[in-house]
Structures are given as C-alpha cells and as structure tokens.
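What follows is the residue order along each chain.
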Amino acid sequence: MSTPRDETAVESHQPLPSGPPPPPERDHRLSRRGWTLVISAVLFLVFAALGFFAPVPFVAISPGPTYDTLGKDEAGKPVVQINGHQEFPTTGELRMTTVSLRDGVTLFSALGLWASGRYALAPREEYFKPGETNDQVKQENVKQFEDSQSNAEVAALRHLKYPVKVLTKEVVAGSPADKVLAPGDRLVNVNGKDIVAEEDVRAALAGTKPGQTISITFQHGNEPPKTTPLTLGQRPDRPEGFIGLTPIDRADVPFDVKISLENVGGPSAGLMFALAIVDRMETGDIAGGRHIAGTGEITEKGAVGPIGGISFKLVGAREAGATDFLVPERNCAEAKSAVPEGLNLIKVSTLDSALTALADLREGRPTPKC
C-alpha cells in the first residue's frame, strides 16, 4: 500500500541559499544637505562669473599722463608750433594734466582698483549719456579738445593784440541761414553793422522782428565777399529776429598755430595751450625755468573755467615733478582738500591773471592762493 507524499518533507530537502543576504536597495536621491551644497556651488560659480565678466555701472578714474606744452610730443614734434612767425626760446615746463577714465570695469576689478588707493569709482552716467557708446564719447572728447585748441589760440593772440575774425560755426537746418551760409564762412556785416567779434552778431539783430528782411555780407573761402537778403525767422526764447547760425571767433593772422598732441580729449588743456602760445611768441620767459603744471577750460576771451578730476590732476602733476599748479578759481576748494605735499597752488580766473601770477612767481612776489 502506498504512503501519501509528505509535501513538507519534500520541500525541506531543497538546498538553502549560501552567503550573506543581499544588501537592501539604496535610495539615490540627494539629502537636504546635498542639495544645499549643490545650490551653493552653483550660486558661487554664477557670482564668480558675474564678478569677473559682467560690467558694473561705474567707471574707474585715476591720474593720467601729463604733457609739457613747451616740449615735444611722442613723435618728436613740438607740441605747440608757430609756422610763419618768429619763435622765442623758453625754459622750464608748462605741463598740461589729464585724467584717465576706465570703462567696462567688472565688480571684482572695480573693487581691486578702488582698494589700490589710486583709483576712484564714479557712476557711469556722469560721463556717458544714456545709450552712448565709447566711440561716441571719444568723438565728443576729440571735438572738445580741438575746440580748446582753437579757443586757446584766439585767447593768446587776443592777449598779444592780434585781430580776430568771426566765422560761422554751425548752421541750423531749415533756418533762414540754411542753404545760404555754410560752416566756415566769414561774417563781415549783419544788418548794416560790421562784425569784429561773435557778440556783434546778436547785437546787430537787436530791435529786429521775425519776418523782417535784413542784409548779410559773408565770405566763403577765398571768394569775394557776397551780400544777400535774409528774411528773419522766429524763436520762442527771443523777441528779435532769428538768423539760424552760431558765430565763433577765430584768429585773423598770416601765420599758423599748430598744436600736435594725440590720444588726448576734453577741453581742460586750453589754459596751458594759451600760455605756451604766448611764451613762444613773446621774448619773456613765462615759466622761468620752473616746473609748472595746470588745467582749465578757456574761452576765446580768455576766461578760465572749472574742470573735473582736479584731485587726480594734482597727483599726476606732482608725480611728474611739478612744483606749482595753476588752479581755476572755482576748483580751489576741491584742490585745497587734495593737494599733494610740495605742490604750490596758484588761483587763476583768466589768461591775463595767470600770466600776472607767473610773473610774480618769477620775481619772488606772492601769488594768489587757493
């Protein structure tokens, strides 16, 4: 008789697995600490990239190079040269000063420049108009520099009693003067009055009214003077008639004043250029062997106006060996607070006052102080 199969007994004779049990299945998700480390690392890399590469809305300002207006440029040419007129020997230096402006600084470079103690940071909007590019700023600076040279020439030659002429600087599009006069045309007579200085043009229009017809005499290049009628226009800011041009004084001399200096912009070298022109054309020795520096925008009438960056210009001048510095009167307060040791500040307001102060300095007399 057969015995029923014992299922339990049969299962108990199957082989058992050998070795340690398999490890439990791991959870590969990051812990909160892991995510914190990853996010921190990403933020650090982003911050570092921004710090090294992203520009900030600031510019870095520092002392710039200085140039002796009685000396020579980098090509060996005289900075100021009078062609067709006798030049007299000079001694000493009349050194113009500049400020270096660095744009496109990043956060880290800005901090490094500021920490060096030689640079200052200023909002970019103080030097660049909204949407203005570096090239546009350079073009404007070059134009200002060229205007400062022309103003310096006129101011110096006026001081030396040479005559000036009045030219058309700009013509307003659509104005009565448009299509009649061109920039560079000489203004001879307006409304029956001879023009010998730029302010004579406005004076000649006193008492006129818009719609009135006047005559104007002008000269284009070397052509004979031409007289033509003009019907005056109207402007809301003045009651008299409107021509639509900007007059400007220029020297009327048979010789040529040439200023040779590259890679410099802005209007602040005018005073030092004017002094150099006078020094080259007069027998007196303005600098008298001294190392003199200075700055100041100048008008055709010889008025000296304030400039920016005076504290940096003082440093640059002292580093170049200057012992005396000509300061525009309206820059005196700032200059006094930043004057380097050993630099004598001389206050000036006009070309004539600067020449008088330098004569006093040569003779050992007191000079105007800031």
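Relevant structure appears above.
Residues numbered from 1 in each chain as written. Predicted model: local features only at pLDDT ≥ 70, side-chain atom pairs only at ≥ 80, totals over all residues. Heavy atoms only, no water.

Colleague: Whenever I open this one, the packing of helix α4 (residues 134-159) against helix α9 (residues 351-362) confuses me. Can you help?
Modeller: Each packed pair of helices is defined by two parameters, the angle between the axes and the distance between the axes. Across the interface, α4 lies against α9 with an axial gap of 10 Å and an inter-helix angle of 65°. Between α4 and α9 lies a crossing whose hand is right-handed. Taking contact as the criterion, the partners of Ala-155, Ala-156 and His-159 in α4 are, on α9, Leu-351, Asp-352 and Leu-355. (Axes fitted to C-alpha atoms, helices over the stretch in contact; angles between N-to-C directions. Helix = DSSP H or I, 4+ residues; strand = E, 2+ residues; numbered from the N terminus. Left-handed = near helix turned anticlockwise from the far one by under 90°. Contact = heavy atoms within 4.5 Å.)

Colleague: Would you explain the side chain of Arg-95 in this entry?
Modeller: Along the polypeptide, Arg-95 turns up in strand β4 (residues 93-96). Arg-95 gets classed as buried once you look at its relative accessible area, which sits at 13%. Reaching out from Arg-95, the side chain makes a polar contact with the side chain of Glu-93 at a distance of 3.0 Å. The residues contacting Arg-95, other than those within four sequence positions of it, are Thr-66, Tyr-67, Asp-68, Met-272, Ile-292, Ala-293, Gly-294 and Ala-320. (Buried < 20%, exposed > 50% of the residue type's maximum accessible area, 1.4 Å probe, protein only. Polar contact = N/O pair within 3.5 Å; in protein donor to acceptor, adjacent residues only side chain to side chain.)

Colleague: What's the story with unusual backbone geometry in this structure? I'm lost.
Modeller: For residues other than glycine, phi is negative in most cases, and the peptide bonds are mostly trans. The backbone of Lys-161 sits at a positive phi, close to 70°, despite the residue not being glycine. Counting through the fold element by element, Lys-161 comes out in the loop between α4 and β7 (164-171). With a phi angle near 55°, Asn-191 is a residue other than glycine that sits in the positive phi range. If you trace the backbone, Asn-191 turns up in the loop between β8 (186-190) and β9 (193-194).

Colleague: I'm lost on the packing of aromatic side chains in this one. Help?
Modeller: Working definition: an aromatic ring pair is given by the centre-to-centre distance plus the angle between the planes. Under the criterion given, the structure shown has 2 aromatic pairs. Aromatic pair Tyr-162 and Phe-255: ring centres 5.3 Å apart, planes at 80°, arrangement edge-to-face. A residue pair is termed long-range when its members are at least 10 positions apart, and Tyr-162 in the loop between α4 and β7 and Phe-255 in the loop between β14 (245-251) and β15 (256-259) qualify at 93 residues. Exposure remark for Tyr-162: the relative accessible area of 27% places this residue in the partly exposed category. The buried category is assigned to Phe-255, whose relative accessible area is 9%. (Phe/Tyr/Trp six-rings, centres within 6.5 Å; stacked < 30°, edge-to-face > 60°.)

Colleague: What am I meant to see in the sheet that holds strand β1 (residues 58-63) here?
Modeller: Two orientations exist for strands paired in a sheet by backbone hydrogen bonds: parallel and antiparallel. A sheet is described by the order of its strands in space; here 3 strands give the open sequence β5-β1-β6, paired in antiparallel fashion. Strands at the two margins of the open sheet, each flanked by one partner only, are β5 (99-102) and β6 (120-123). Within the sheet, the average angular offset between the axes of one strand and its neighbour, ignoring direction, is 35°. Inspection of the sheet shows β1 paired to β5 by 4 bridges, in the antiparallel sense. Paired with Pro-63 across the bridge in β5 is Val-99. Contacts from helix α7 (residues 310-319) reach β1, β5 and β6, with the element oriented near 35° to β1. (Pairing = 2+ DSSP bridges.)

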